[in-house]
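Summary of the model geometry
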Amino acid sequence: MNPTVLIYRSDLLPASETFVAAQAHALRRYTPFFAGLRPVPASLLIDPCETAVLTHTDNFSDKIRRRFFLHTGIAPRFVRALQRRHPVLLHAHFAVDGAAALPLQSQLNIPLIVTLHGYDATMTDEALHRSSAGRVYLRRKADLRARARLFICVSDHIRRQAIERGVPEDKLRSLSIGVDLDFFAPDPLRSRSLDPIVLFVGRLVEKKGCTHLIRAMSLIEARHPTAKLLIVGDGPLLDPLRARARDALHNCTFLGSQPPSVVRDLMYRASLIVAPSIVAASGDTEGLPITLCEAQAIGLPIAGFRGPGVSEAVVERQTALLVSPGDEHALAEAISCLLTDPCLAGRLAAGGRRRAEEHFSLEAQTARLEDLYTEALG
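Summarised in this report is the structure supplied together with it. None of the values given here were measured: they were computed from a predicted structure.

Turning our eyes to something else, we now look at the overall build of the protein. Helix and strand content of the protein: 17 helices and 15 strands. For the protein, the C-alpha radius of gyration of 21 Å lies close to 21 Å, the compact-globule estimate for 378 residues. Across its three principal directions, the C-alpha atoms of the protein cover 60 × 40 × 40 Å. Taking all 378 residues of the protein together, 56% fall into the buried category. A separation threshold of at least 6 residues defines the contact pool for the protein, and within that pool the share at least 24 residues apart is 71%. Counting every atom, the protein has about 16,300 Å² of accessible surface; 52% of that belongs to carbon and sulfur. In the protein, 45 side chains carry a positive charge and 40 a negative one; their mean positions are 5 Å apart.

By the secondary structure assignment, Gly-346 is in helix α16 (residues 342-359). When its relative accessible area of 35% is taken as the criterion, Gly-346 is described as partly exposed. Distance in space between the C-alpha atoms of Gly-346 and Leu-12 is 38 Å, their sequence separation being 334 residues.

Before going further, it helps to examine the side chain of Thr-122. Locating Thr-122 in the fold gives a position in helix α6 (residues 119-122). Under the relative-accessibility criterion, Thr-122 is labelled buried at 3%. Polar contacts involving the side chain of Thr-122 include one to the main-chain carbonyl oxygen of Gly-283, which spans 3.3 Å. Here Thr-285 takes part through its backbone nitrogen, which lies 3.2 Å from a polar atom of the side chain of Thr-122. Residues within four places of Thr-122 in sequence aside, it is in contact with His-157, Ile-158, Gln-161, Arg-165, Ser-282, Gly-283, Asp-284 and Thr-285.

It is worth spelling out the packing of aromatic side chains at this point. Within the structure shown, the criterion is met by four aromatic pairs. Aromatic pair Tyr-30 and Tyr-373: ring centres 5.3 Å apart, planes at 85 degrees, arrangement edge-to-face. Residue Tyr-30 is found in the loop between α1 (18-25) and β3 (31-36), and its partner Tyr-373 is found in helix α17 (residues 362-377); the two are separated by 343 residues along the sequence. The same class applies to Tyr-30 and to Tyr-373, which are both buried. Seen in terms of ring centroids, Phe-69 and Phe-78 are 6.1 Å apart; in terms of plane orientation they differ by 85 degrees. Their pairing is edge-to-face. With respect to class, Phe-69 is no different from Phe-78; both count as buried. Against the face of Phe-183 rests Arg-264, its NZ or CZ located 3.9 Å from the ring centre.

To summarise the sheet geometry, strands pair through backbone hydrogen bonds and adopt either a parallel or an antiparallel arrangement. Taken in spatial order, the seven strands line up as β5-β3-β1-β6-β7-β8-β9 in an open sheet, and their pairing is parallel. Because the sheet does not close on itself, it has two edges, and the strands there are β5 (51-53) and β9 (172-174). On average, each strand axis in the sheet is tilted by 25 degrees relative to the strand beside it, whichever way the strands run. Pairing analysis gives four bridges linking strand β7 (residues 112-116) to strand β8 (residues 150-153), with the strands arranged parallel. The partner of Leu-116 across the bridge, within β8, is Cys-153. On top of the sheet, α1 reaches β1 (4-8), β3 and β6 (87-93); it is set at about 145 degrees to β3, its chief contact.

Okay, the pattern of salt bridges next. Tallying each qualifying case throughout the model produces 18 salt bridges. Measuring nitrogen to oxygen at the nearest pair gives 3.6 Å for the salt bridge that ties Arg-159 to Glu-169. Here Arg-159 is found in helix α9 (residues 156-164), whereas its partner Glu-169 is found in the loop between α9 and β9, with ten residues between them in sequence. For Arg-159, a relative accessible area of 25% corresponds to the partly exposed category. With a relative accessible area of 46%, Glu-169 lands in the partly exposed category. Glu-328 is the salt-bridge partner of Arg-215, the closest N and O atoms lying 3.1 Å from each other. Linking Arg-215 in helix α10 (residues 210-223) with Glu-328 in helix α15 (residues 328-340), this pair joins segments that are 113 residues apart in sequence. Beyond isolated ion pairs, a larger network of salt bridges with shared partners links Asp-11, Arg-38, Asp-58 and Arg-66.

What follows concerns the sheet that holds strand β15 (residues 320-323). Spatially, the six strands line up as an open sheet ordered β12-β11-β10-β13-β14-β15, and their pairing is parallel. Here the strands that pair on one side only, and so sit at the sheet edges, are β12 (252-256) and β15. Adjacent strand axes in the sheet meet at a mean angle of 20 degrees, parallel and antiparallel pairs treated alike. In the packing of α10 onto the sheet, contacts are made with β10 (197-201), β11 (228-232), β13 (272-275) and β14 (302-305), and the angle to β11 comes to roughly 170 degrees. With respect to the sheet, helix α12 (residues 260-269) is in contact with β10, β11, β12 and β13, its orientation differing from that of β10 by roughly 150 degrees.

About the criteria used
Residues numbered from 1 in each chain as written. Predicted model: local features only at pLDDT ≥ 70, side-chain atom pairs only at ≥ 80, totals over all residues. Heavy atoms only, no water. Helix = DSSP H or I, 4+ residues; strand = E, 2+ residues; numbered from the N terminus. Rg over C-alpha atoms; globule rule 2.2 N^0.38 Å. Buried < 20%, exposed > 50% of the residue type's maximum accessible area, 1.4 Å probe, protein only. Contact = heavy atoms within 4.5 Å. Areas by Shrake-Rupley, 256 points an atom, 1.4 Å probe, with all protein chains shown as cover. Lys, Arg positive; Asp, Glu negative; His and termini not counted. Charge placed at Lys NZ, Arg CZ, Asp CG, Glu CD. Polar contact = N/O pair within 3.5 Å; in protein donor to acceptor, adjacent residues only side chain to side chain. Phe/Tyr/Trp six-rings, centres within 6.5 Å; stacked < 30°, edge-to-face > 60°. Lys NZ or Arg CZ within 6 Å of the ring centre and 35° of its normal. Pairing = 2+ DSSP bridges. Axes fitted to C-alpha atoms, helices over the stretch in contact; angles between N-to-C directions. Salt bridge = Lys/Arg side-chain N within 4 Å of Asp/Glu carboxyl O.

See below:
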């Protein structure tokens, strides 16, 4: 029987984090078991039989139990449930969750590794301090850096940010999460929509730059009256973005969070995908946008802003057209080029598939992750 690795995420599991579940399920030399503080409502990403959670509801008593554990690390029944699985390694996603899991690491007496994805290596301490989990992280930050065996950085940008913030360089390893190249694969039998579809997939938060996309699309509609903007995702900016789109656009649809199968079908229909990511006021930036890895695997051309994460996920002029961050006119021009030049769009699409095969294979990247598991176990 393969040794068990405990995959920890305080919230199991946001719909925007399909990559966490996909990576775990791709393990071959280790058996994944998920643990967290609570299940996310309507999450379809993890089979319940593979999960242990501290609490099951958002009622008052369960909120108190989560807060008590977060600050004290005391939860005997939860720890016993995890001990029964005999895990050999604890893998926490995001540094904030790694800090929350430190008491589990101590009580289970197993090595801890942490994947740094984005905000957890780039956001300012002031911004992190606004949440209870962020305050716990700031209090335990030095302890986390001392006790974690390895920190896995999803991009070189995140690695550089981690070094700048004092994470020991000898503990850092760079490894992107891959995508399923069979699931996200070009399908010659699928045809693009007759009307141009511009697709956005991502959390509706400041760093994703959806406000800039809506403004750029108002310029696109003047040139391409039948163009449609489809926005997939949820988040705190949903209502303001809907209001902005109602005022600025004629043809924009918000589809909410969608499972991978629906996202893939939308990618087949779309003319291109847009990544208008920026650096948020809090310092939050992209780590490595997994959606762009999926889009390249399918063979979907990309337009977006140059910048952290995005510029590592794609290759400018080979798989994507990138413009200066915040330049909405240039973004509209890039979108228009891909809508009107099928040869260019086809060249970027083919380049994207090649890049995905070379750099973002879920099977290959997960095999490298398992090598890091073995390294952490010594």
